[in-house]
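Residue-level listing of the chains:
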Amino acid sequence: MACIFCKIIAGEIPAHKVYQDDAVVAFLDISQTTKGHTLIVPRRHVKTVYDLSAKEASQIFGVVPELANALRRAFSPIGLNVLNNNERPLQSVDHVHVHMIPRYEDDRLKIGMPDHHDALRTQDYEDIKQKILDALS
Ligand code: 5GP
Ligand code: ZN
């Protein structure tokens, strides 16, 4: 078993676990990008969100509110980012995970989202919508 998160789940390598149930485990991210940075993972080795069943997705994301509230009570952050990276180069560990990242004043973390709405017309949104609808059907 080469996957580092599978080894953590199996208890073969140490991690600071904060939540466990039949389907899901959550533990501190070793990087502690910000204080309390936590990862939520399915017990089953699943590479990306593309591979998750709807049930597994609901089990993983079902833990988000409880953990978010615990992080808020524990550290009083100014906010919280919930983040998931899929596929390289975005994803560095190939076992799907949700980052819970409490945010603090001056935490120097930048998660930028460019706003392109000035460059778009209604038809552009319609075209994008239609592509997604076609892909869904
Ligand atoms: P990704 O870049 O795939 O979205 O995030 C992977 C995360 O896994 C990184 O934030 C990284 O710090 C964390 N990580 C990598 N190896 C380990 C480890 O051995 N233990 C823990 N607790 N976290 C790890
Ligand atoms: Zn794994």
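Above this text you will find the structure in question.
As the structure is a prediction and not an experimental result, all values here were calculated from the model.

Novice: Run through the site of ligand 1, naming residues and quoting values.
Specialist: Close to ligand 1 lie 16 residues, the nearest being L28, D29, N85, S92 and H99. A distance of 2.9 Å is found between an oxygen atom of ligand 1 and a side-chain nitrogen or oxygen belonging to H97. Here ligand 1 loses 80% of its free accessible area of 520 Å² to cover by the protein chains. When each cavity is represented as a set of grid points, ligand 1 is found to reside in the largest pocket. Examining the composition of the shell around ligand 1, we find that three residues originate from one element, helix α1 (residues 4-9), more than from any other. Here the shell around ligand 1 is composed, by residue class, of nine nonpolar, six polar and one charged.

Novice: Kindly report on the coordination of the zinc ion (ligand 2), identifying the contributing residues and their values.
Specialist: At the metal site, the zinc ion (ligand 2) is ligated by C3 (SG), C6 (SG), H45 (ND1) and H95 (ND1), and these contacts range over 2.1 to 2.3 Å. Geometry at the zinc ion (ligand 2) is tetrahedral, judged from its four donor atoms and the angles of 106 to 119° they form at the metal. Taken in sequence order, the residues that donate to the zinc ion (ligand 2) follow the motif C-x2-C-x38-H-x49-H. You can see C6 sitting in helix α1 and its partner H45 sitting in the loop between β3 (38-42) and α2 (54-62), a full 39 residues away along the chain. H45 gets classed as partly exposed once you look at its relative accessible area, which sits at 41%.

Novice: Let's hear about the layout of surface pockets: which residues, and what values?
Specialist: Taken as a whole, the largest pocket encloses approximately 480 Å³ of empty space. Forming the walls of the largest pocket are 24 residues, and the residues nearest its centre are F5, D29, I30, S31 and L39. Looking at the lining of the largest pocket, the elements that each hand over two or more residues are α1, β2 (24-28) and β5 (98-103). Of all the elements, α1 adds the most residues to the lining of the largest pocket, at three residues. Looking at the lining of the largest pocket residue by residue, the class counts come to 14 nonpolar, nine polar and one charged.

What counts, and where the lines are drawn
- Residues numbered from 1 in each chain as written.
- Chains lettered and ligands numbered in written order.
- Predicted model: local features only at pLDDT ≥ 70, side-chain atom pairs only at ≥ 80, totals over all residues.
- Heavy atoms only, no water.
- Near = heavy atom within 4 Å.
- Polar contact = N/O pair within 3.5 Å; in protein donor to acceptor, adjacent residues only side chain to side chain.
- Areas by Shrake-Rupley, 256 points an atom, 1.4 Å probe, with all protein chains shown as cover.
- 1 Å grid on protein atoms, 1.4 Å probe; cavity = no way out; pocket = protein on both sides within 12 Å on 5 of 7 lines; lining within 4 Å.
- Sits in = over half its atoms within 2 Å of the grid points.
- Helix = DSSP H or I, 4+ residues; strand = E, 2+ residues; numbered from the N terminus.
- Nonpolar A, V, L, I, M, F, W, Y, C, P; charged D, E, K, R; others polar.
- Donors = N, O, S within 2.8 Å, 3.2 Å for Na, K, Ca; no water.
- Tetrahedral: all angles 85-135°; square planar, octahedral: opposite > 155°, others 65-115°.
- Buried < 20%, exposed > 50% of the residue type's maximum accessible area, 1.4 Å probe, protein only.
- Points joined across faces, edges and corners; volume = space filled by probe spheres on them.

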